[in-house]
Amino acid sequence: MTLVRKYAFGAAVLVALAVTAVLALFVSPDDAVQGDAVRLLYLHVPSAWIAYLAFFVTAVASVLWLVPRTRRPTWDLLAGASAEVGVIFTGLTLALGSLWGRPVWGTWWEWDARLTTTAIMFFLYLGYVALRRTGATADERGKRCAIAALIAFADVPIVHFSVNWWQTLHQTGTVFNEELNPTIHGSMAFTLVFGVGAFTLLYGYLVLRRLRIAELEEGLEEREVERAIAERLRAEQVVPA
Amino acid sequence: MMFVRDALLVAGKDLRIERRSRVALQQILPFGGIVIVMFAFALDADRTSLPSAAPGLFWAAVLLAALLAIGRSFTVEEANGARDGLRLSGLDGGSIFAGKAAAIAVELFLLEVVLGVAVVVLYGVALHGAVVLVCAAVAATIGLAATGTVYGVLATGLRARDTLVPLLVLPAVTPVMLGATRAFAAALEGSTSEAWQWVQLLAAFSLLAVAAGVMAFGPLLEES
C-alpha cells in the first residue's frame, strides 16, 4: 500500500505524458501549412505555461515568506524549488520555439516582444537561482531571495512593455503574422489542453520532489552542526564519551 | 526633510571616499574609455556603421562601467566594519539607499559626459537635440543607479558577490538599455518626439526602481 502511495503520483505523471505523446504524434492531424512541425505546439505551449506558472508560484511563496504571520521555512524552499523548475522550462520553451521557428518562419530567432521577454526572464531567474546558491544561512537567504524574486517578477511585465514598445516604434511586419498562426480546433485543441494538464502534473511532481530534497538538505546541515558540536564537546571532555 | 539630509550625508560620504581614493577616476573611467575603443575594433572602425551604432555602444559601455561602480560602492562598506557603522548610525534605510544610489548616479553622470565626448570624437557622431539627450541620460542613470544599489545590498556579504551582481543587474535593467539607446538614436536622427516617449519610459522605470529601493533597502541592510 505504501509502495502504491509512494509511486502513484509519479506513475500518474508518466501515464499523462505518454497519453500526450500519443495524442500529439498520432491522433492530432498535421497542419495544412506547417505539416508535422505543428506538433511542436504540444510541447512548446505547455512548457511556456509551466514557466509562467512556476515563477508565479515563486512570487506567491516569497510573499508568504515575507509576511511575518505566514512565515515558514517551507515557503522559502518552495520558492526556490519552483524557480528551478521554471528556469528549466523557460530554457525548454526557448529551445523548442527556436526549433519550431526554423521550419515555420525560416529563422531560429526573431526579436519579437514575446521571445525577447522570455529570454530576459530566463536570465533574471538564472540570477535568482544563482543567488539562492551562495551559501548564506537559511534565515539570511530567505529575505534576500524573497525580495529578489519579487523584483524579478515585477520586472518581467516592465521588460515586456518596453520591448513591445521597441517593436511598435521600430520594427514593422515581423514574421509573427496572423496567417501563420493556425486556428486551433477539434482534436488539436483537445491535445493541447491535455498536454497543458499533463505538464502541470509534471510540474507539481518535480516541485514536490525538489522541495523534499531541499528539506532533507536543510535537515542534514542541522544534523551535521549538532554532530560537530557533540564531537567538540567530547574532545573538550565536557561530556563523557 | 530629514530624509533628504540623511541621503545627502550618505552620498557626500561615498563621493568623498571616491575623491580621495580616486578609484572611480583612475579605474572605472579609463575602463569605460577602453570599452569604447574596443567597440570600434569590434565594428572594424567603419565610419558608416559606427555612428549608427553609437547610441547602443555608448550605453553598453556605461552599463559595464556602472557594474564596476556598483561593486565599488559596496566594497567600501566592507572594510573596517563600515556596514555595521551604517546600520548603527540610526539613519533610515530608505535614505541610506537614496544616498548611495545618488553617489553612484553622480559618478555615472561624470562618466557619461567623458564617454559622450569620446563617442562624438572617435565615432564621428553629429550631436542633435541636446535637451532630450540630457533628460534621457538623467532618467536612465537614476534607474541604473537605483537598480544597481538594490542588487548591490542584496548580494552584500555573500561570497560570490562580485560575479553575482552583474548577472542580477544586467537583465533587470533591460528597459534602461533599450530605452536609453532608442532615445539617443531617435534624438540623433532628429525625431525628438519619439525620443521624448522613451524618456517617459525611462522616467517611469526610474521611479519604480527608486520606490522599490526605498522600501527594500532597510530590511536588506539589517539582514546582511
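Colleague: Before we move on, can you summarise the overall build of chain A with the specific residues and values?
Modeller: On a plain count of helices and strands, chain A comes out with six helices and zero strands. In chain A, the order of α-helices and β-strands from amino to carboxyl end is α-α-α-α-α-α. Out of the 241 residues in chain A, the part that is buried amounts to 34%.

Colleague: Could you give an account of helix 3 (residues 73-105) of chain A, naming the residues involved and the relevant values?
Modeller: For helix 3 of chain A, which comprises 33 residues, the first-to-last C-alpha distance of 46 Å matches the rise-based estimate of 48 Å (1.5 Å per residue) to within 8%. At the C-terminal side of helix 3 of chain A, Gly106 of chain A shows a positive phi close to 80°.

Colleague: Can you tell me about the packing of helix 1 (residues 2-27) of chain A against helix 6 (residues 187-235) of chain A, naming the residues and giving the values?
Modeller: The geometry of a pair of packed helices is captured by two quantities: the angle between their axes and the separation between those axes. Residue and element names in this part refer to chain A. In the contact formed by helix 1 and helix 6, the axes pass within 9 Å of each other and the chain directions differ by 155°. When the axes of helix 1 and helix 6 are compared, the pair comes out roughly antiparallel. Relative to helix 6, the crossing made by helix 1 is left-handed. Residues Phe9, Gly10, Ala12, Val13, Ala16, Leu17, Val19, Thr20, Leu23, Ala24 and Val27 of helix 1 form the contact with helix 6, whose own contacting residues are Ser187, Thr191, Phe194, Gly195, Gly197, Ala198, Leu201, Leu202 and Tyr205. Residue composition of the contact of helix 1 with helix 6, by class: 14 nonpolar, six polar and no charged.

Colleague: Explain the interface of chain B and chain A residue by residue, including any values.
Modeller: Counting from both sides, the interface comprises 23 residues of chain B and, opposite them, 24 residues of chain A. If you list the elements that add at least two residues to the side of chain B that touches chain A, you get helix 6 (130-154), helix 7 (161-172), helix 8 (174-189) and helix 9 (192-223) of chain B. With eight residues, helix 9 of chain B is the largest single contributor of residues to the side of chain B that touches chain A. When the residues that make up the side of chain B that touches chain A are grouped by side-chain class, the tally is 17 nonpolar, two polar and four charged.

Colleague: Quick rundown of the packing of helix 6 of chain B against helix 8 of chain B? Include the residues and the values.
Modeller: Residues and elements named next belong to chain B. Their axes nearest at 10 Å, the elements helix 6 and helix 8 cross at an angle of 175°. Taken together, the axis directions place helix 6 and helix 8 in an arrangement best described as roughly antiparallel. Taking contact as the criterion, the partners of Val132, Leu133, Ala136, Ala140, Gly143 and Leu144 in helix 6 are, on helix 8, Val176, Gly179, Ala180, Ala183, Phe184 and Ala187. Taken together, the residues of the contact of helix 6 with helix 8 sort by class into 10 nonpolar, two polar and no charged.

Colleague: How would you summarise the confidence of the model for chain A if you had to cite specific residues and measurements?
Modeller: Parts of the prediction with low pLDDT should not have their coordinates interpreted in detail. Residues and elements named next belong to chain A. Averaged over all residues, the pLDDT of chain A equals 84, while 90% of them reach at least 70. Confidence, expressed as mean pLDDT per element, reaches its minimum in chain A at helix 5 (residues 138-170) with 84 and its maximum at helix 2 (residues 41-66) with 92. For the stretch residues 172-180, pLDDT sits under 50, and the model shows eight contacts to residues farther than four places along the chain or on other chains.

Colleague: So what about the confidence of the model for chain B? Which residues, and what values?
Modeller: Residues and elements named next belong to chain B. Across chain B, the average pLDDT comes to 90, with 98% of residues at 70 or higher. Within chain B, helix 4 (residues 82-88) has the poorest average pLDDT of any element, 82, and helix 6 the best, 94. Model confidence for the complex: the whole-complex pTM is 0.87, and ipTM, which rates the interface, is 0.89.

Colleague: Describe the nonpolar core, naming the residues involved and giving the relevant values.
Modeller: Counting 122 residues, the largest nonpolar core has Ala54 and Ala149 of chain A together with Val62, Ala136, Ala183 and Leu202 of chain B as its most contacted members. The biggest single contributor to this core is helix 6 of chain B, with 15 residues. Leaving out residues up to four positions away in the same chain, Val62 of chain B has contacts with Gly32, Leu108, Leu111, Glu112 and Leu115 of chain B. Formed by eight residues, the second largest nonpolar core is a distinct cluster that contains Leu23, Val38, Leu43 and Leu192 of chain A.

What counts as what
- Residues numbered from 1 in each chain as written.
- Chains lettered and ligands numbered in written order.
- Predicted model: local features only at pLDDT ≥ 70, side-chain atom pairs only at ≥ 80, totals over all residues.
- Helix = DSSP H or I, 4+ residues; strand = E, 2+ residues; numbered from the N terminus.
- Buried ≥ 20, exposed ≤ 12 C-beta atoms within 10 Å, placed from the backbone.
- Expected span 1.5 Å × (residues − 1).
- Axes fitted to C-alpha atoms, helices over the stretch in contact; angles between N-to-C directions.
- Parallel < 35°, antiparallel > 145°, perpendicular 65-115°, else oblique.
- Left-handed = near helix turned anticlockwise from the far one by under 90°.
- Contact = placed C-beta atoms within 7 Å.
- Nonpolar A, V, L, I, M, F, W, Y, C, P; charged D, E, K, R; others polar.
- pLDDT = per-residue confidence, 0-100.
- Core = buried A, V, L, I, M, F, W, Y, C linked by C-beta atoms within 7 Å.

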